[in-house]
Amino acid sequence: MLMDGYLSDELWLRLLAGLVIGLVLGSFITMLSYRVPRSLSIISPPSKCPHCHTKLKARDLIPVLSWLLERGHCRYCHRAISRRYLVIELTTAVSVTLAFWYFGLTPRLIAAVLGLVAFISLVSINFERQRKIW
Ligand SMILES: [Zn+2]
């Protein structure tokens, strides 16, 4: 992995893959944590602003980056978007990246990622149901 103090190309690719997959999964979990407690479909309709109900475009749905670029506000109605989106996406991205680093491309990685997604989803949905934070 470490070659002369540098990360190998294989490890960089593994970390990059973990980060991208973690961000995508984190975005999926934010959708679950909003829709499941409200008994909404997780398939359709497409994502929209919870305040003004404007259908979100692809540029509004980039995990972490969209939230940061708009400084946590809806691009259309400018109302605040919960920090939980950022927290869930970052938590998932970091934990999945660490799983990619630790397990490599092995069957254990698949089990670890599935376990992480299930755990973060259940915690997020539970918090949303109880509205103790966010
Ligand atoms: Zn809005």
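One can find the structure itself at the top, above this paragraph.
Model, not experiment: these values are computed from the prediction.

**Brief notes about helix α1 (residues 9–35)**
In this model α1 runs 39 Å from its N-terminal to its C-terminal C-alpha over 27 residues, within 8% of the 39 Å that 1.5 Å per residue would give. The complete set of buried residues in α1 reads R14, G18, G22, L23, L25, G26, S27, I29, T30 and S33. Looking at the packing, one finds that the buried side of α1 touches α3 (83–103) and α4 (107–130).

**A short note on the nonpolar core**
In terms of nonpolar packing, the biggest core is built from 12 residues, these being L23, L25, I29, W67, Y85, I88, A93, V96, A99, F100, V113 and I120. Counting only elements with at least two residues in this core, the list comes to α1, α3 and α4. It is α3 that provides the largest number of residues to this core, a total of 6 residues. In contact with A93, not counting residues within four places along its chain, are L19, G22, L23 and G26.

**With respect to the packing of α1 against α3**
For any two helices packed against each other, the geometry comes down to the angle between their axes and how far apart the axes lie. Remark: α1 packs on α3, axes separated minimally by 7 Å, with the N-to-C direction vectors making an angle of 145 degrees. Relative to α3, α1 is oriented so that their crossing is right-handed. Here the residues of the contact of α1 with α3 are counted per class, giving 14 nonpolar, 9 polar and 3 charged.

Rules used in this analysis
- Residues numbered from 1 in each chain as written.
- Predicted model: local features only at pLDDT ≥ 70, side-chain atom pairs only at ≥ 80, totals over all residues.
- Helix = DSSP H or I, 4+ residues; strand = E, 2+ residues; numbered from the N terminus.
- Expected span 1.5 Å × (residues − 1).
- Buried ≥ 20, exposed ≤ 12 C-beta atoms within 10 Å, placed from the backbone.
- Contact = placed C-beta atoms within 7 Å.
- Core = buried A, V, L, I, M, F, W, Y, C linked by C-beta atoms within 7 Å.
- Axes fitted to C-alpha atoms, helices over the stretch in contact; angles between N-to-C directions.
- Left-handed = near helix turned anticlockwise from the far one by under 90°.
- Nonpolar A, V, L, I, M, F, W, Y, C, P; charged D, E, K, R; others polar.

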